[in-house]
Amino acid sequence: MINFILSLLRAAVNDSSPISPPADVNWELLYQFFENQSLACTAWYGIMKLEEKDRPDKDILNKFQKSMLTVRGRESMQQLELENVMAHFEKEGIDYVPLKGGIIKNLYPKPDMRSMCDVDILIRDEDKKKIPVIMKACGFNLMHRGQYDDEYIKPPTITTEIHRSLFSVTTPFYEYFANAMDKTVPLDRSHQRRMTIEDFYLHIIAHLAKHFGNSGTGLRPILDIWILEKYNAGNTFDENYFYSELEKLKLKDFYNIISDIAKKWFSENEETWTKNDDNAYTNSEIEEYILMNSTYGSIKSWASNNINKVSGNKFVYYTKRLFPGIHFMKNQFWILDKMPFLLPFCWVLRGIRIIIFKRDHVSDELKVINSNTENKAYIEKLARIKKLTGLDDID
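A quick note: this is a predicted structure, and the numbers were derived from the prediction, not measured. (Residues numbered from 1 in each chain as written. Predicted model: local features only at pLDDT ≥ 70, side-chain atom pairs only at ≥ 80, totals over all residues. Heavy atoms only, no water.)

Student: Before we go on, may I ask you to explain the overall build of the protein chain in this structure?
Tutor: Helix and strand counts for the protein chain come out as 18 helices and 7 strands. Here the C-alpha radius of gyration of the protein chain, 22 Å, is about what a compact globule of 395 residues would show, namely 21 Å. The C-alpha extent of the protein chain, read off along each of the three principal axes, is 65 × 55 × 45 Å. When contacts within the protein chain are restricted to residue pairs at least 6 apart in sequence, long-range pairs at least 24 apart make up 70% of them. (Helix = DSSP H or I, 4+ residues; strand = E, 2+ residues; numbered from the N terminus. Rg over C-alpha atoms; globule rule 2.2 N^0.38 Å. Contact = heavy atoms within 4.5 Å.)

Student: Can you walk me through the environment of I258 in this structure?
Tutor: Looking at the secondary structure, you find I258 in helix 10 (residues 252-266). With 151 residues separating them in the primary sequence, I258 and L107 have C-alpha atoms 19 Å apart. If near-sequence neighbours (up to four positions away) are discounted, I258 is found in contact with L208, F212, I222, I225 and I290.

Student: Can you walk me through the layout of surface pockets in this structure?
Tutor: Leftover empty space is mapped by rolling, across the atoms, a probe with the size of a water molecule. Here the second largest pocket is characterised by a volume of approximately 770 Å³. Lining the second largest pocket are 32 residues, with D125, K128, G146, Q147 and R164 sitting closest to its centre. Of all the secondary structure elements, the ones that give two or more residues to the lining of the second largest pocket are strand 2 (119-123), strand 3 (141-145) and strand 4 (149-154). Looking at the lining of the second largest pocket residue by residue, the classes come out as 16 nonpolar, 5 polar and 11 charged. (1 Å grid on protein atoms, 1.4 Å probe; cavity = no way out; pocket = protein on both sides within 12 Å on 5 of 7 lines; lining within 4 Å. Points joined across faces, edges and corners; volume = space filled by probe spheres on them. Nonpolar A, V, L, I, M, F, W, Y, C, P; charged D, E, K, R; others polar.)

Student: Quick question: what am I supposed to make of the sheet that holds strand 5 (residues 158-163) here?
Tutor: What links the strands of a sheet is backbone hydrogen bonding, and the strands pair in either a parallel or an antiparallel sense. Taken in spatial order, the 5 strands line up as 1-2-5-4-3 in an open sheet, and their pairing is mixed. With one partner strand each, in any of the chains shown, strand 1 (96-98) and strand 3 form the two edges of the open sheet. Strand-to-strand twist of the sheet, defined as the mean angle between neighbouring strand axes without regard to direction, takes the value 25°. Here strand 1 runs beside strand 2; their pairing, made up of 3 bridges, is antiparallel. Counterpart to Y96 in the pairing with strand 2 is I123. The sheet strands contacting helix 4 (residues 58-92) are strand 1, strand 2, strand 4 and strand 5, and the helix crosses strand 2 at an angle near 15°. (Pairing = 2+ DSSP bridges. Axes fitted to C-alpha atoms, helices over the stretch in contact; angles between N-to-C directions.)

Student: Would you mind showing me how to read the packing of helix 7 (residues 197-213) against helix 10 here?
Tutor: A pair of packed helices is captured by two measures, namely the crossing angle of their axes and the spacing between those axes. With their axes 11 Å apart at the nearest point, helix 7 and helix 10 run at an angle of 90° to one another. Accordingly, the angle class assigned to the pair helix 7 and helix 10 is roughly perpendicular. Two secondary-structure elements touch here, helix 7 through Y201, I205, L208, A209 and F212 and helix 10 through F254, Y255 and I258. Considered class by class, the residues forming the contact of helix 7 with helix 10 number 8 nonpolar, no polar and no charged. (Parallel < 35°, antiparallel > 145°, perpendicular 65-115°, else oblique.)

Student: What's the story with the pattern of salt bridges in this structure? I'm lost.
Tutor: Pairs can form between side chains of opposite charge whenever their charged atoms are close. On inspection of all chains with the given rule, the structure shows 23 salt bridges. When the shortest N-O distance is used, the salt bridge between R72 and D112 registers 2.8 Å. With R72 in helix 4 and D112 in the loop between helix 5 (101-104) and strand 2, this pair connects stretches of sequence that are 40 residues apart. The partly exposed category is assigned to R72, whose relative accessible area is 34%. Assessed through its relative accessible area of 7%, D112 is described here as buried. The residue D150 makes a salt bridge to R164 at a minimum N-O spacing of 2.9 Å. Placement of D150 in strand 4 and of R164 in the loop between strand 5 and strand 6 (185-186) is noted, with a sequence separation of 14 residues between them. By relative accessible area, which is 11% here, D150 ends up buried. A relative accessible area of 15% places R164 in the buried class. (Salt bridge = Lys/Arg side-chain N within 4 Å of Asp/Glu carboxyl O. Buried < 20%, exposed > 50% of the residue type's maximum accessible area, 1.4 Å probe, protein only.)

Student: How do you make sense of the environment of W302 when you look at a structure like this?
Tutor: Relative to the assigned elements, W302 resides in helix 13 (residues 299-309). With 63 residues separating them in the primary sequence, W302 and E365 have C-alpha atoms 8.4 Å apart. Setting aside residues up to four positions removed in sequence, W302 forms contacts with N214, S215, Y317, R321, H361 and E365.

Student: When you look at empty space enclosed by the protein in this model, what are you seeing that I'm missing?
Tutor: Tallied over the full model, the rule gives 2 cavities of 30 Å³ or more. If you add up the space inside the largest cavity, you get close to 80 Å³. As for the largest cavity, its lining consists of Y176, F177, N179, A180, K183, T184, M195 and D199. Reported here for the second largest cavity is a volume of approximately 30 Å³. What lines the second largest cavity is simply Q78, Q79, L82, G102, K105, M116 and V119. Here the residues of the lining of the second largest cavity sort into 3 nonpolar, 3 polar and 1 charged.

Student: In this structure, what is going on with the nonpolar core? I would like to understand it.
Tutor: Note on soluble globular proteins: their nonpolar side chains tend to be buried together. With 78 residues, the main nonpolar core has W27, F34, F64, L219 and L251 as its most contacted residues. In terms of residue count, the dominant contributor to this core is helix 7 (10 residues). Membership of the second largest hydrophobic core comes to 18 residues, among which are L82, V119, I121 and M135. (Core = buried A, V, L, I, M, F, W, Y, C linked by side-chain atoms within 4.5 Å.)

Student: Help me understand the state of the cysteines, please; the structure alone is not making it clear to me.
Tutor: By definition, a disulfide links the sulfur atoms of two cysteine residues through a covalent bond. One pass over the full model with this rule turns up 0 disulfides. As a non-bridged cysteine, C117 has C41 as the owner of its nearest cysteine sulfur, 13 Å distant. (Disulfide = S-S within 2.5 Å.)

Structure (structure tokens):
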């Protein structure tokens, strides 16, 4: 089944033909899998390349089509709102850089093949005081003010994150990317800028590593890597610079592994993928880990990785969870910037919020930490995966 899943995605992005579905294919389960991976929109394009007799029944096909049309509509709305925000930034003289999915979607054969939860834009820190007024003028409401990015929502569904830096100060990549804006180059508009293709890819790899090492990641980021690999191969790409910077980030091993998986899963090389053998696609714990996660990982993976960070010490784990450091808390309580002495009060307020709004999340987390034999094996598995990918050295 895994081979068939990958062949649908491969057919969509490579404009090729997928293999025939297995005789025991369960299209309802496949639809749920693709939805959890934020890839039902992409899979629809692959399904339409199947012979009609091999396609799912009308009800299931309509579900895939609805997902595609939803992504297509949202992508159009996101692009319109992005253009509006950029026009306001130009008017106010604010330098800005569209990030991540907003760039990657245009490298896919069709932008609606790549769903986006939100639109990300990088600005200079000195311009941050101008942003709330501009976003209000564009119809956005501030929903969350963080230490390095602010989340704005325009009803009903458009979310935009305005970044002042690419990573939180608590992440191992913060210092490397602290001056990312200074390395950007200008575009045709007066204030729009872009990263070089090498720096853009470095950011994508680091962003993926952050998620991979925390809650895990699913298929979509690996498909992004394949799309970027193809794009970079067709353009002037400074591999010497790219690899030397990966070394500085301690991400060379991680990149090599993820890049190899992307090529293995999505390459057009028939020798790689025409064999109808699921074992050819899950011959490592790393690949299995990606395939069992959803787009943004899982609570199980997140809790397992975090208990590994404190070497399984539950007392230290619970202490860190109940009383996070000041930098983490500032992401939720901006008042701590000016009044850090309110930290104990904010701990209490955070606890109340969690009890009211995230009770199920906490319950799932506790099931992992107070684990049975099966969960302990999973925790140990994730520790091995981080070691294999080199991410154990950068926590």
